[in-house]
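# Survey of secondary and tertiary structure
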Amino acid sequence: MLLAVAVLPAVYLVVTSLTPFQLTTPGSATDFSSPLRNYGLLPGDPRFVNSLWVQAKLSCWGVLFQVLLGMLLALLLNVPSRFVEFARTFFLIPMVLPPIVVAVIWKLIYTPDISPLYYAAQALHFTMPALTSSVDFALTAIVIADTWEWMPFTFLMVLAALQTIPDEYSEAALVDGANTLQIFWYVTLPFITPILVISGMFRLIDSVKAFPLIFLLTSGGPGTVTEVTNYYAYLLAFDTNEIGYSSAVTVVMLLLVAGISLGLVWMGRRREAMG
Amino acid sequence: MKTSSRARSLTRRNLLKASAATAVLAAFPAPLIAQTKPFAGVTLHGASFQHRFFTLLQKYIPEFEEKTGMKVDLQLSAFPVYNQQANLELSSGGSAYDFVNVTFILAARWVAAGLLANLDEFTADPNLTPAEWNPKDFVEGAQVPYRDAKGATYGYSWEGGAMLMGLSRMDLMEKKGLKIPKTFAELQQVCTEINGTDGVSGITSFQLHHWNLPPYIQGFGGNIFRKPPGDIMPALNTPETIQGIEFYANLLKSAPKGVLTYTEDQARQSLLTGRANIFIHSSSWVTPILLSEESKVKETSRVVRSPAGPVHDHPASNSQGLGIPKNAKNKKAAWEFIKWALSPDISMRLVKEHGHSSVCRRSIITSEAYRKLNTVNGQDLGALYLEVLELPAKGENYMAYRTVKEFPIVGDVLNKAFEQVATGQLPAKDAMNAAQDQAIAALRRAGTQL
């Protein structure tokens, strides 16, 4: 079962990446005459190199905001109150919405002539640029939407961690005269750091899948400003029909994600070993 | 008198004849039924992308099933999904479909790769195609994409798209003393002067630049390839192409904010709500400004020919066709369906009963009934539609760039480069020089000999 579901498609992807496979070129799927050709072309492909750089920016900024905001929100809502408990569920809504619905919501928000955001700005006599077609703001617009969608994940994880911290520690610190900031820094943060790292790593791996937002909001544009690697791979496979080359791009992505995952495992083991 | 004559006709001989006939019918019932319903028991599998044409056609399909005895299983998917499915199905030599939509942008690729059946074999056989079906009745310009180099036909067009110019606010233009623009220079002037008046943008467009942009490039004398379909060396950095890119980028300065990421629907909405004055696009999108119920600019709209460039007047056009996969299991049944779906009768019913005007039969487009239904604000939209649809078949086929199999690769590069110019990331010359290099590299990577 595992072989059929996980291993075989991956092996087929690697095999395809060794061919010049194009749907309408008969025999190209089994042409292994120059197996490393696709990989040799990748470093010289400016769009591929650019897409890695865009992905890195999107992932780093997105994860940073998601972790920070998720933590902040968890700290604010870690209060024993019926109302707060009820309110927490609202913050989880973006995460459970289908990704395409999230993309549509942000498409409406970012479209100047129908967006409440732009109406509000207009009422305040403030001129807003068209966010998704602006070179300076398009990637930020994606980061904001991605953060809105996935910040609840970090929020949920941190909130769970906060609720495992025994009250005695902060009570003792209070008796010793520590202020709120000091309690957070010396008591709370050490407790939740592993969760922050783990949720950040999960989000980092998952950020590679920010496809629906990019597909619907910017189509990778303007130019290649928001063209991440998986969107580029999609264009190659389904727009320009270069299945073999697209597979090579995808294999490189797979290796990068695998590298991050292994790094995560290694960090976890090292931490355990250090006690 | 009547009774006696009937009595006379009931002779012994007549009774014997009738008995003999009944005996024959009882002995061989199947062939007679088969003649009535020649495809009884056949399930015909077809696929296309979702389009109003098929939604309407589905209403008539029970009639076809009743007449032929076959069952039609028509699978309709979203445009990109269908194209991916059909690409995979056809290129892998599958036989899942008996008829398919031959998508305009993929037609050359599928025809050149030999993935479709030659329909001339069906039209040349009088047993399969009656003379009145008349393949020559299809508008020549719409048929060009479905022919191979030797002129054999691999598809018949069910829809035509002719690039026209829609103007929504003639009232504003008249107030300002502006006339309908006929040249690029006049277009630029009208857009600039209208932009911002009463909150109206001068022009609207959408993100499919490789459809909207080429008429401007060609208008200045440039092209996407050097001389398609024979010479497919990209020509993205010629002075003429750069001029076209700069012109269109400048034109979009009069468009609504965020127009670079607009979808077709957004562009159409901005026009029919009167928030933008001009939309240059396919007739099937522009005409609803005048005809749709939701239009707020019915009284102040016009649909006219697209403005001409200083060198060429090349409004874009396209068409979608129906074809039969080479490995289809039920080719004759599929041809029966195509003949019926694109028959003069069904075409006219679509026009009369549903106002679906983008049909490709000349006899229908030029008919009095069609003209009556498609004359709006005194304008004969059918005549405009036919004129533009025919242009590529007269003299140089200037739409050839879009039907060569290399177009998707170069079109994608063109899209990106144009956005870089329109957003000021790069000057047009630099962007197009880089685009030219990228297009050549991408084509070579894909195995194209240049």
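See above for the structure.
Residues numbered from 1 in each chain as written. Chains lettered and ligands numbered in written order. Predicted model: local features only at pLDDT ≥ 70, side-chain atom pairs only at ≥ 80, totals over all residues. Heavy atoms only, no water.

## Some remarks on the overall build of chain B
Of regular secondary structure, chain B possesses 24 helices and twelve strands. Considered along the principal axes of its C-alpha atoms, chain B spans approximately 95 × 55 × 35 Å. Residues counted as buried form 56% of the 450 residues belonging to chain B. Pairs at least 24 apart in sequence give 74% of the contacts found in chain B among residues at least 6 apart. Of the roughly 19100 Å² of accessible surface on chain B, 54% is carried by carbon and sulfur atoms. (Helix = DSSP H or I, 4+ residues; strand = E, 2+ residues; numbered from the N terminus. Buried < 20%, exposed > 50% of the residue type's maximum accessible area, 1.4 Å probe, protein only. Contact = heavy atoms within 4.5 Å. Areas by Shrake-Rupley, 256 points an atom, 1.4 Å probe, with all protein chains shown as cover.)

## Notes on the interface of chain A and chain B
Contact residues are listed per partner, giving 38 residues for chain A and 33 residues for chain B. Here chain A and chain B share an interface that buries about 2700 Å² over both sides, 52% of which is from carbon and sulfur atoms. Counting every contact that joins chain A to chain B gives five salt bridges. Among the ionic pairs, K416 of chain B bridges to E227 of chain A, the shortest N-O distance being 3.4 Å. Put simply, chain A and chain B have 18 residue pairs in polar contact (both at pLDDT 80 or more) between them. Contributing elements (two or more residues each) for the side of chain A that touches chain B: helix 2 (37-41), helix 3 (46-77) and helix 12 (229-239) of chain A. Tallying contributions element by element places helix 12 of chain A first for the side of chain A that touches chain B, with six residues. Partitioning the side of chain A that touches chain B into residue classes produces 16 nonpolar, 14 polar and eight charged. (Buried area = accessible area lost by both parts, 1.4 Å probe. Salt bridge = Lys/Arg side-chain N within 4 Å of Asp/Glu carboxyl O. Polar contact = N/O pair within 3.5 Å; in protein donor to acceptor, adjacent residues only side chain to side chain. Nonpolar A, V, L, I, M, F, W, Y, C, P; charged D, E, K, R; others polar.)

## Some points on the pattern of salt bridges
Residue and element names in this part refer to chain B. Across all of its chains, the model carries 23 salt bridges over all chains by this definition. Salt-bridge contacts for E140 lead to R147; the nearest nitrogen and oxygen are separated by 2.8 Å. For R147, a relative accessible area of 27% puts it in the partly exposed group.

## Remarks on the packing of helix 3 of chain A against helix 10 (residues 180-206) of chain A
All names here are of chain A. Contact geometry for helix 3 and helix 10: axes closest at 10 Å, N-to-C directions at 140 degrees. As far as their axial angle goes, helix 10 and helix 3 are oblique. Crossing of helix 3 over helix 10 shows right-handed handedness. Between helix 3, through S59, V63, Q66, V67, M71 and L75, and helix 10, the contact on the second element is made entirely by F184, T188, L189, I192, L196, G200, R203 and L204. (Axes fitted to C-alpha atoms, helices over the stretch in contact; angles between N-to-C directions. Parallel < 35°, antiparallel > 145°, perpendicular 65-115°, else oblique. Left-handed = near helix turned anticlockwise from the far one by under 90°.)

## Remarks on the packing of helix 13 (residues 239-251) of chain B against helix 24 (residues 428-445) of chain B
Residue and element names in this part refer to chain B. Packing of helix 13 against helix 24 brings their axes to within 10 Å, and their N-to-C directions diverge by 125 degrees. One element, helix 13, and the other, helix 24, form an angle in the oblique class. In this structure, helix 13 meets helix 24 at a crossing whose hand is right-handed. Residues I242, I245 and E246 of helix 13 pack against A428, K429 and M432 of helix 24.

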